[in-house]
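Summary of the model geometry
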Amino acid sequence: MPERRILILYGSQTGTAQDVAERIGREAKRRHFAARVMPMDSYVITNLIQEHLAVFVCATTGQGDEPDNMKKFWRFILRKDLPEDSLSQMQYSVLGLGDSSYPKFNYVAKKLYRRLLQLGASSLVPLGLGDDQHDLGPDAVIDPWLQTLWTEVLLHHPLPPGQELIPASVCPPGRYTVHFLKGEENGVDSSPHHAVKQQSGRAPSNLCPFHARMVENKRVTATDHFQDVRLVKLDITDSNIRYSPGDVVMIQPRNSASSVDVFIRHMNLDPDQVFNISQNDPDIPLPVQWLLPRPCTVRHLVTHYLDINSIPRRSFFQMLVHFAENELEKEKFEEFCSAEGQQELFSYINRPRRTILETLQDFPHVSTTIPFNYLFDLIPAIQPRAFSIASSPAAHPSEIHILMAVVRYKSKLVKPREGLCSNWIASTQPSDDITIPIWTKKGTITFPDRGAPVIMVGPGTGVAPFRSFIHERAANNQGGNLLFFGCRNEGKDFFCRDEWNELSGRGLLQVSAAFSRDQEDKVYVQHKIRENSALVWSLMNRRDDPARIYVAGNAKRMPASVREAFCTIAEIEGKMEKEAAEKFVSDLERRRLFQMETWS
């Protein structure tokens, strides 16, 4: 009998798709499958022709973009030269995770589902489309979809004779085996440079980041403004980092010392205890060594690896059920795991944005019975954060700048909610003996190499990639730059105003700024675009070298409103019917003359 194998690949930006994929992996093992769970870009895609059973879980980001960890897979699977029967031996299922408030809801999952059909694969179950906007979140779709999936899987791949489904009440093996060290074994260096040295001539990556020193951390909003936004400058001298305007810097954050201390005390852990980990499953790799050294101290684990301040998912409570000895706590965890308890779980976790640490504090009995090695199963790893690079290689050759809003807001809980990375960066000063692990990646925006005019729309911190490009052009004394910037108040959050004034005085930049709260009627960037309709049309309708249009910023309402403004200009200034104007703008998008980079 052939090996019962299932491949589970995910494309995940924030960790939700990864969490769902790992849940599918656990359920597969209960059905006696050898299950491999990995990011799409970690899989050798040429091996796909040998797979017989595969599940794909993929999120859609921004305006229909694929997550960072499936970009290579995405480019390959969409190649037009792939034979139509490439995957004829494969049965597959696709589960998408998206948000129906965005125009391209689950675009990536829909396209992947169709593409696998085109390549000859057979779909086991209809495409699943999880929706963040549902009252119960994506689980409202995921739960029934998985029930249907496993019914179909077992029809085609029944359990071997004499084997039964492993009950859900049986605790699965831990992700890793932990070995505590004693005596002379205890020597460990948990400095940020302990494990992996920067390899000469190689660009930094998630496997080997560059530890950058902070040069400046400057607040660029007024002290009485509701939002704290920072311009942060990092020294990349001798880093081997090469970047272009439009690229992204990845930052690996850490937990605050105060939250680490609270977690260690609450879990009754010894912060100086040293341990090693080893694989329990050959399909689950060990964490990268620079992030989790071997050996490692408990304090280093909690500071640099365990995301104790993230929002727990349902899988967290599914695991806690196995360790709960207090009946009241066990009943509550079982309720949170049931279909009937999803509204209660949503009210407890998602509405107030309660963290894993706060949840464990609410359930003190189970906190004392969780085996240490299962912390790796309960608590996800801290994920790197992506920031548009706001500096120019030509103007700032040894630095990377980011324009960062510090995430801090109130919920119904007493303690304010705080973004992990932004608050860590904001609390760090150049005088501190702290380095920032970074590496760079290509962004979704591609700026022109030559001197075409450029229209940029960047409200708020969305202006970051345009600051990079504008300074790059200015370093070459190149104009043709039109920027639409939006903020609340001219005197409180007009980022980079002095820089723009200096460049405007040199004839290299034209800025039209919208201040939404400085007058009774709110004025946004789309209004300023329409106000300048004649100028905008003259640039975007140039016969020989039309303007490139770029939009960056929050992905909610702004992108659609801005796109509509450009359609209106084509309709009015170009004297087009509405359908023709829409087709004109769509054609700009198809030719990459109109690009968007947006985020939630």
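Before reading further, recall that the structure is shown in the block above.
These remarks concern the structure in this document. (Residues numbered from 1 in each chain as written. Predicted model: local features only at pLDDT ≥ 70, side-chain atom pairs only at ≥ 80, totals over all residues. Heavy atoms only, no water.)

So, about the sheet that holds strand β17 (residues 435-441). One open sheet accounts for 6 strands, arranged β13-β10-β17-β8-β9-β14; its pairing is antiparallel. Of all strands in the sheet, those with a lone pairing partner are β13 (385-388) and β14 (399-405), marking the two edges. Here the average twist between neighbouring strands, direction ignored, is 40°. Of the pairings in the sheet, the one linking strand β10 (residues 248-251) to β17 comprises 4 bridges and is antiparallel in character. Of the residues in β17, the one forming a bridge with V249 is T440. (Pairing = 2+ DSSP bridges. Helix = DSSP H or I, 4+ residues; strand = E, 2+ residues; numbered from the N terminus. Axes fitted to C-alpha atoms, helices over the stretch in contact; angles between N-to-C directions.)

What follows deals with the nonpolar core. Ranked by internal contacts, the top residues of the largest apolar core, which has 47 residues, are F263, F275, L301, F317, I370 and F376. Considering each element in turn, this core owes the most residues, 4 residues, to helix α7 (residues 314-320). Setting aside its immediate chain neighbours within four residues, F275 contacts V178, H179, F180, L181, P295, C296, T297, V298, L301, F372 and F376. With 28 residues, the next largest nonpolar core counts V229, M456, F469 and L508 among its residues. (Core = buried A, V, L, I, M, F, W, Y, C linked by side-chain atoms within 4.5 Å. Buried < 20%, exposed > 50% of the residue type's maximum accessible area, 1.4 Å probe, protein only. Contact = heavy atoms within 4.5 Å.)

Considering all chains together, one arrives at 22 aromatic pairs under this definition. Taken together, a centroid distance of 6.1 Å and an interplanar angle of 45° make the contact between F56 and F73 tilted. A residue pair is termed long-range when its members are at least 10 positions apart, and F56 in strand β3 (residues 53-59) and F73 in helix α2 (residues 71-77) qualify at 17 residues. Here F56 falls in the buried class, since its relative accessible area comes to 0%. Here the aromatic cluster, defined as three or more aromatic residues joined through ring pairs, consists of Y176, F180, F275, Y305, F372 and F376. (Phe/Tyr/Trp six-rings, centres within 6.5 Å; stacked < 30°, edge-to-face > 60°.)

Across a sheet, paired strands are connected by hydrogen bonds in the backbone, their directions being either parallel or antiparallel. On the basis of which strands lie adjacent, the open sheet formed by 5 strands has the order β20-β19-β18-β21-β22 and parallel pairing. For this open sheet the edge positions go to β20 (510-515) and β22 (594-599), each flanked by a neighbour on one side alone. When the angles between neighbouring strand axes are averaged without regard to direction, this sheet yields 10°. Across 6 bridges, the pairing between strand β21 (residues 548-554) and β22 is parallel. Across the sheet, the residue bridging to N554 is W599, located in β22.

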